[in-house]
Amino acid sequence: MAEPESEAAADAPLYLRVAAALREDLAHRRISPGSRLPSERSLSQRYHVNRQTVRSALQLLRDERLVVTDRRGTFAASGAEGGGEPVAPALTARRPTFPGGPRAAEALVRASLTWEPPPTPLTTRLLLTPGEPTLVHRHVVLGPHGTALQRAVSWFSRPALTEIPQLARYRRGRDWRQQPDLRLLYHWMHQAGLRVTHRESVGVPGPATTTAGGAARLIVHRVVSDQHGHALEITDIDFSAQSAAWTYEFSA
């Protein structure tokens, strides 16, 4: 298996690069349908990544129905399971990618995590006490010339930090100098046994709030709730309608 060498692959997180390399091998039948993939340990040694990175890559391929996993290991899907058609290499999963959808996952981004109190109107919805801090994720999608095309800020609730182990590890005092990678957030929710509901509203601000170049803006307000109706994540996304497209698909 050859590692991807394109600029897009080089800029992508490690688990997407591993998934892209495996996807290419599957598409070109270097891994035959029905044959077993190398073990997680072998893949982690081959790509010089840890096993969690390999697991994340394999989860993306499972979601795309390119591989299946059982007690014996992970196998390339047969024609019936995988559709029987070669799949072009890609760096995104079919399941939605946190926080801005698949298009945002393909772009150059800057992300950060902080631990701070949410705006007062969100406190109760996040099941927090007034002034109680929580995990906050900020995400900026940059254009070719470094201009910000999309900005997003997400606040996580007490249930989210309790129920989702991958979020719970982000605590105050952790070294966040490296960009946090939360693109598998919705996979993590699924793995935690949460049945989530996504509710989104789209608004168009008035003329006074257009971008400097005169482009219209769109505001997306997302609330992701669990099966009990408790909010897990509240996200506001702001982007230029002429510079970015909003494409979002989800199935529980």
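Owing to the predicted nature of the structure, the values given are computational and were not obtained by experimental measurement.

Some remarks on the overall build of the protein chain
So, step 1. When its secondary structure is counted, the protein chain shows 10 helices and 8 strands.
So, step 2. For the protein chain, the residues scored as buried account for 45% of the 252 residues in total.
So, step 3. Look at the contacts in the protein chain between residues 6 or more apart in sequence, and 61% of them connect residues 24 or more apart.
So, step 4. Of the roughly 13500 Å² of accessible surface on the protein chain, 50% is carried by carbon and sulfur atoms.

Here we look at the pairing of strand E5 (residues 148-156)
So, step 1. Taking burial as the measure, the 9 residues of E5 include 7 buried ones, the bulk of the element.
So, step 2. Strand direction decides the pairing type here: strand E4 (residues 134-142) and E5, joined by 7 bridges, are antiparallel. Counted as the bridge partner of Val 141 is Gln 150 from E5.

Quick word on the pattern of salt bridges
So, step 1. Inspection of the entire model under this criterion finds 9 salt bridges.
So, step 2. Where Arg 158 meets Glu 132, a salt bridge forms, and the shortest distance between an N and an O atom there is 2.8 Å. Of the two residues, Arg 158 sits in helix H8 (residues 158-163) while Glu 132 sits in the loop between helix H7 (120-123) and E4, which places them 26 residues apart along the sequence.
So, step 3. Two residues, Glu 233 and Arg 222, come together in a salt bridge whose shortest N-O distance is 3.8 Å. Taken as a pair, Glu 233 in strand E8 (residues 231-240) and Arg 222 in strand E7 (residues 217-225) lie far apart in primary sequence, 11 residues in all.
So, step 4. Members of the salt-bridge network, linked through shared partners, are Glu 24, Asp 25 and Arg 30.

Comments concerning the side chain of Ser 154
So, step 1. Note on placement: Ser 154 falls in strand E5.
So, step 2. One polar contact links Ser 154 to Thr 235, side chain to side chain, over a distance of 2.5 Å.
So, step 3. When neighbours within four sequence positions are excluded, Ser 154 is seen to be in contact with Phe 98, Pro 99, Leu 135, Val 136, His 137, Glu 233, Ile 234 and Thr 235.

Thresholds, definitions, all that
Residues numbered from 1 in each chain as written. Predicted model: local features only at pLDDT ≥ 70, side-chain atom pairs only at ≥ 80, totals over all residues. Heavy atoms only, no water. Helix = DSSP H or I, 4+ residues; strand = E, 2+ residues; numbered from the N terminus. Buried < 20%, exposed > 50% of the residue type's maximum accessible area, 1.4 Å probe, protein only. Contact = heavy atoms within 4.5 Å. Areas by Shrake-Rupley, 256 points an atom, 1.4 Å probe, with all protein chains shown as cover. Pairing = 2+ DSSP bridges. Salt bridge = Lys/Arg side-chain N within 4 Å of Asp/Glu carboxyl O. Polar contact = N/O pair within 3.5 Å; in protein donor to acceptor, adjacent residues only side chain to side chain.

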